[in-house]
Amino acid sequence: MLQSKKNTICQFCGSGALVRKHGKSRAGIQRFWCSFCSRTFQNDYIYTGWEQQAKTMMVDFLSQGLSTDEISKKSGWPARRVKKMISSLKLNED
């Protein structure tokens, strides 16, 4: 079993000892798998959808009362990514 660097911590559960390498993304970025919560993640993303500016735009779109499809058309992001960003914003509010 390949172990990752000691400083890689799961973004979902916070475990660090149970994280291992899990292949690479289509863009060639290292993916990780947490055996504690069984989720995969990356430490780095190349997509602008996860940058603060994109999240700010998403909040602005939502405050205008736009639907997921309307946000997708205006921003150029796939509807699936828009839904994921909305759910991540809701999680951050709690």
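The coordinates are above.
Thresholds, definitions, all that
Residues numbered from 1 in each chain as written. Predicted model: local features only at pLDDT ≥ 70, side-chain atom pairs only at ≥ 80, totals over all residues. Heavy atoms only, no water. Core = buried A, V, L, I, M, F, W, Y, C linked by side-chain atoms within 4.5 Å. Buried < 20%, exposed > 50% of the residue type's maximum accessible area, 1.4 Å probe, protein only. Helix = DSSP H or I, 4+ residues; strand = E, 2+ residues; numbered from the N terminus. Contact = heavy atoms within 4.5 Å. Pairing = 2+ DSSP bridges.

Student: Got a minute to help me understand the nonpolar core in this structure?
Tutor: Here is a general trend for soluble globular proteins: nonpolar side chains tend to be buried in one another's company. Among the nonpolar cores identified, the biggest contains 10 residues, and these are A54, M58, F61, L66, I71, W77, V82, M85, I86 and L89. Elements that contribute at least two residues to this core include exactly helix 1 (52-63) and helix 3 (79-93). A per-element tally of this core places helix 3 first, with four residues. Beyond its immediate chain neighbours, meaning those up to four positions away, V82 contacts M58, T68, I71, S72, S75 and W77.

Student: Any chance you could explain the pairing of strand 2 (residues 30-34) here in plain terms?
Tutor: The side chains of a regular strand alternate, first on one face of the sheet and then on the other. Where strand 1 (residues 19-24) lies against strand 2, four bridges are found, and the strand directions are antiparallel. Counterpart to K21 in the pairing with strand 2 is F32. Hairpin connection from strand 1 to strand 2: five residues lie between these consecutive antiparallel strands, with G28 at a positive phi of about 90°. Taken together, the four bridges between strand 2 and strand 3 (residues 39-42) define a ladder with antiparallel strand orientation. By the bridge assignment, F32 is partnered in strand 3 with F41. Adjacent in sequence and paired antiparallel, strand 2 and strand 3 are bridged by four residues, among which S38 carries a positive phi angle near 60°.

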